[in-house]
Amino acid sequence: MSQSTTRLTVAQALVRFLAAQYTERDGVRQRLIAGMWGILGHGNVAGVGQALVEAGEELMPYHQGRNEQAMVHAAVGYARQRDRLSTQAVTTSIGPGATNLVTGAALATINRLPVLLLPGDYFAAHPADPLLQQLEHPSEADVSVNDTLRPVSRYFDRVTRAEALIPSALNAMRVLTDPAETGAVTLALPQDVQAEAFDWPREFFAERVWRVRRPAPDPAELADAVRAVRAAARPLIVAGGGVHHSAAEDALKALVDATGVPVASTQAGKGSLRHDHPADLGGIGHTGTAVADDLARTADLVIGVGTRHTDFTTASGTLFQNPDVCFLNLNITAFDAHKLAASTLVCDARAGLTALTEALAGHRVPAVYEAEYRAGKERWERVVEDACRAGDDSAVPTQTQVLGALDAVAGEEDVVINAAGSLPGDLHKLWRARSRRQYHLEYGYSCMGYEIPAAIGVQQAAPGTVVWSLVGDGTYLMMPTEIVTAVQEGLPVNLVLVQNHGYASIGGLSESVGAERFGTAYRHRAADGSFTGAPLPVDLAANAGSLGMEVLRAKTVGELREALAAARASSRPTCVYVETDPAATTPPAEAWWDVPVAQSASREAAVNARAEYDRRVTTRRRHL
């Protein structure tokens, strides 16, 4: 071995390389790969597992997970809390350990959040064929189960030779740190290659800084954008997750304060303005507020900032009804900026908003428009109060009253995490976000099971932060396993476990589309075979306790309030368990969401639902 090289296995080299990677934005440097999650098996135990032992905790912290999908969720929660500037890696064995990554990878890529996946793979040398857990393909011998990760990864490579790691690892870092490209990155590692030694150039292990760009807007695009805003009488900003990723909240506030343009938020963008800012209208779209959706219907200019314009945001193409409406999209990716046939401002959110504010000096929306949306905001605040206020402390709380109780207890910098079920709609309408990171909703993939591991990732990213993981019984049953990890790591995750005996969100959707809540309740079978018998005698609180959590049971509004306060003060993982009153207290949807209804049916519920669907679908527009 020459002095200019170092002899290491591929796995040892990869771990050492990852430990030397940094990001830098606005002069702040931090480690890119802050640690590695792993479940070790025969596909990685002798490679990456041994390399982690060799490296030690100081070089590469190791976190022991219980489910591979959950490990990805934890890393994604970490990355979101750190504004995509730092993330974690996930190593797995081959076979089911690797394919369990797919859901987490899809979630990361859809939400534009970086995570590095290192699944083991079959022997590159094919010494025996087939191997344990190998998927055999009759005509493509190089296919493995890891190929399921290709469509959900922003970059994928299978490292079949030691020296191939060098360009592959560098490309992986490039994608992870590019705000326009980032998502899940997969390096599939054949188990024999992981253990193979190679003489590595020492330059490969030198500290490397990846600067995260803030591209400025093109002058011509900026001029067009300024003309569009000045010409609009009823402009509306739709704030998406890109505002948070760019740390552009202050820039957005400066623009709004100067111009009076109101802001409605997507699930990912909520909290871009504080809830009490006079121009903050709350959520937009199917789960949006009345004031936001009313203004969206009459807006003549919709300014999307860091949003993907999903169907929930656009109400499946039915929300923006002004015949003269135009769109202006400020986004770091041209792919998203061009949606809805918009004029584009392809740039960093903070840089673009700052440039707009300077170029719009002296411009302000009409006073009558400002008065209109402020009055609408005041009316909606009364709706929120009515839904969340509890008049009787001895009553069983409704789900919206659970949110009201949590709102009263949570601190300014607490983080509230949710992803799926009926809670996202309630939170989008009703939660009063008080800081830029308080509202943490994963709704790009709306993945049941995200909440508990993501809470772990957030606490790792921001030690000392109070984190609330909100889950229904359906979500809890999907993935409670990482409670054990929180206990093991000593992370005081607060779990608010809402028991409503089934899939409440899908039950409501099922009823609205004529499917009569079929298969959505957690109940015994009745005599006719339907799931309409007594509720199942499961005790989820006891389950959480058996996994190591302190459990506080709350039967009334008063007990709930006390339990939440106790959980917030606790230094250990704590579960607040509450069975809610099923009475519907959530404000109704203010906009449509397209879920196709059976075109032919004999049951009255489906026939009526189809008639309503046919009426609604006529309002859809294609913005060209």
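Here is what the cut-offs are and how they apply
- Residues numbered from 1 in each chain as written.
- Predicted model: local features only at pLDDT ≥ 70, side-chain atom pairs only at ≥ 80, totals over all residues.
- Heavy atoms only, no water.
- Helix = DSSP H or I, 4+ residues; strand = E, 2+ residues; numbered from the N terminus.
- Rg over C-alpha atoms; globule rule 2.2 N^0.38 Å.
- Buried < 20%, exposed > 50% of the residue type's maximum accessible area, 1.4 Å probe, protein only.
- Contact = heavy atoms within 4.5 Å.
- Areas by Shrake-Rupley, 256 points an atom, 1.4 Å probe, with all protein chains shown as cover.
- Lys, Arg positive; Asp, Glu negative; His and termini not counted.
- Charge placed at Lys NZ, Arg CZ, Asp CG, Glu CD.
- Phe/Tyr/Trp six-rings, centres within 6.5 Å; stacked < 30°, edge-to-face > 60°.
- Lys NZ or Arg CZ within 6 Å of the ring centre and 35° of its normal.
- Pairing = 2+ DSSP bridges.
- Axes fitted to C-alpha atoms, helices over the stretch in contact; angles between N-to-C directions.
- Parallel < 35°, antiparallel > 145°, perpendicular 65-115°, else oblique.
- Left-handed = near helix turned anticlockwise from the far one by under 90°.
- Polar contact = N/O pair within 3.5 Å; in protein donor to acceptor, adjacent residues only side chain to side chain.
- Salt bridge = Lys/Arg side-chain N within 4 Å of Asp/Glu carboxyl O.
- Core = buried A, V, L, I, M, F, W, Y, C linked by side-chain atoms within 4.5 Å.

(A) Geometry of the overall build of the chain. Broken down by element type, the chain carries 24 helices and 23 strands. Relative to its length of 624 residues, the chain is compact, with a C-alpha radius of gyration of 25 Å against a globular reference of 25 Å. Overall, the C-alpha framework of the chain stretches about 75 × 70 × 55 Å when taken along its three principal axes. Every one of the 624 residues in the chain was classed for burial, and the buried ones make up 58%. For the chain, contacts bridging at least 24 residues in sequence account for 76% of all contacts bridging at least 6. Counting only carbon and sulfur atoms, one obtains 54% of the accessible surface of the chain, whose full area is about 24500 Å². Across the chain, 56 positive and 70 negative side-chain charges occur, with their mean positions spaced 3 Å apart.

(B) Region of interest: the packing of aromatic side chains. A full pass over the atoms with the stated rule returns 10 aromatic pairs. Judged by centre distance (5.0 Å) and plane angle (75 degrees), the rings of Tyr-503 and Tyr-522 are edge-to-face. Of the two residues, Tyr-503 is situated in the loop between strand S21 (494–499) and helix H21 (504–512) and Tyr-522 in the loop between H21 and helix H22 (540–546); the sequence distance between them amounts to 19 residues. Its relative accessible area of 28% is what places Tyr-503 among the partly exposed residues. The structure contains a cluster of three or more aromatic residues connected by ring pairs, namely Phe-17, Phe-198, Trp-200, Phe-204 and Phe-205. When the ring centre of Tyr-439 is taken as origin, the NZ or CZ atom of Lys-270, which lies over that ring, is 5.6 Å away.

(C) Representation of the sheet that holds strand S8 (residues 155–158) in the model. Taking strand neighbours across the sheet as the criterion, the six strands line up as S5-S4-S6-S7-S9-S8 in an open arrangement whose pairing is parallel. In this open sheet, the two edge strands, each paired with only one partner strand, are strand S5 (62–64) and S8. Taking each pair of neighbouring strands and ignoring which way they run, the sheet shows an average axis angle of 20 degrees. When strand S7 (residues 115–121) meets strand S9 (residues 184–190), the two strands line up parallel, connected through five bridges. Bridging across to S9, Leu-116 finds its partner in Val-185.

(D) Up close: the packing of helix H16 (residues 399–409) against helix H23 (residues 557–569). Interaxial distance between H16 and H23 falls to 9 Å at its minimum, and their mutual angle equals 40 degrees. Judged by the angle between their axes, H16 and H23 are oblique. The hand of the H16/H23 crossing is right-handed. On the side of H16, the interface is formed by Gln-401, Val-402, Ala-405, Leu-406 and Val-409, while H23 contributes Val-557, Leu-560, Arg-561, Leu-564, Ala-565 and Arg-568.

(E) Expanded view of unusual backbone geometry. For the bond running from Asp-129 to Pro-130, omega is 5 degrees, close enough to zero to count as cis. Tracing the backbone through its elements, the reader meets Pro-130 in the loop between S7 and S8. Positive phi is not limited to glycine here, since His-309 has a value of about 55 degrees. Inspection of the secondary structure puts His-309 in the loop between strand S15 (301–305) and helix H12 (311–314).

(F) Here's a closer look at the side chain of Thr-109. Residue placement: Thr-109 occurs in helix H5 (residues 101–110). Classification of Thr-109 as buried rests on a relative accessible area of 15%. Separated by 3.1 Å, the side chain of Thr-109 and the backbone nitrogen of Ala-184 make a polar contact. When near neighbours in sequence (up to four residues on either side) are disregarded, Thr-109 contacts Val-152, Ser-153, Arg-154, Gly-183 and Ala-184.

(G) Summary view of the pairing of strand S23 (residues 574–579). When you tally the buried positions in S23, you get five out of six residues, the bulk of the element. Pairing geometry for S21 and S23, over six bridges, is parallel. Looking across to S23, one finds that Val-498 is bridged to Val-578. Bridge count between strand S22 (residues 550–554) and S23: five bridges; the pairing is parallel. Within S23, the residue paired with Leu-552 across the bridge is Val-576.

(H) Representation of the pattern of salt bridges. This structure, assessed with the given rule, holds 40 salt bridges. Across the pair Arg-158 and Asp-147 runs a salt bridge whose closest N-O atoms are separated by 3.0 Å. Linking Arg-158 in strand S8 with Asp-147 in the loop between S7 and S8, this pair joins segments that are 11 residues apart in sequence. Asp-147 gets classed as buried once you look at its relative accessible area, which sits at 19%. For the salt bridge of Glu-249 with Arg-436, the shortest nitrogen-to-oxygen distance reads 3.0 Å. Note that Glu-249 is positioned in helix H10 (residues 249–259) and Arg-436 in the loop between helix H17 (423–430) and strand S19 (439–441), a separation of 187 residues in sequence. Since its relative accessible area comes to 8%, Glu-249 is described here as buried. Among the residues examined, Arg-436 registers a relative accessible area of 27% and is labelled partly exposed. Within this structure, Glu-381, Glu-385, Asp-407, Arg-432 and Arg-434 form a network of salt bridges that share partners.

(I) Seen up close, the environment of Glu-612. With respect to the helices and strands, the residue Glu-612 is situated in helix H24 (residues 604–617). A residue is classified by how much of its surface remains accessible, and Glu-612, at 35% relative accessible area, is partly exposed. Expressed as a C-alpha distance, the spacing of Glu-612 and Val-513, which sit 99 residues apart in the sequence, is 9.0 Å. Separated by 2.7 Å, the side chains of Glu-612 and Arg-615 make a polar contact.

(J) Here's a closer look at the nonpolar core. One finds Ile-237, Leu-252 and Leu-356 to be the most contacted residues of the largest nonpolar core, which totals 56 residues. Of the residues forming this core, the biggest block, six residues, is contributed by helix H15 (residues 367–388). In contact with Leu-356, other than residues within four places in its own chain, are Leu-222, Ala-225, Val-226, Leu-255, Leu-330 and Leu-345. The next biggest cluster of nonpolar side chains, apart from the first, holds 36 residues, and it includes Leu-8, Leu-14, Leu-52 and Phe-205.

(K) The side chain of Thr-266, seen in detail. Summarising the element assignment, Thr-266 is placed in the loop between strand S13 (263–265) and strand S14 (280–283). Residue classification places Thr-266 among the buried residues on the basis of a relative accessible area of 7%. In this structure Thr-266 touches Val-238, Ala-239, Gly-240, Gly-241, Ile-284, Thr-307, Thr-313 and His-428, once residues within four positions along its chain are discounted.

(L) Broad picture of the sheet that holds strand S18 (residues 415–418). Reading across from one edge, S19-S18-S20-S21-S23-S22 is the order of the six strands in this open sheet, with parallel pairing throughout. Edge positions in the sheet fall to S19 and S22, since each has one partner strand and no second. The sheet shows a mean angle of 20 degrees between the axes of neighbouring strands, direction not considered. Together, S18, strand S20 (467–472), S21 and S23 form the strand contacts of H16, whose direction differs from that of S20 by roughly 175 degrees. Across the sheet, helix H18 (residues 451–461) lies against S18, S19, S20 and S21, angled at about 175 degrees from S20, the strand it touches most.

(M) Seen up close, the environment of Cys-388. Of note, Cys-388 is situated in helix H15. Put simply, Cys-388 and Pro-215 are 173 residues apart on the chain and 42 Å apart in space, counted from C-alpha to C-alpha. If we ignore the near neighbours within four places in the chain, the residues touching Cys-388 are Thr-400, Gln-401, Gly-404 and Leu-430.

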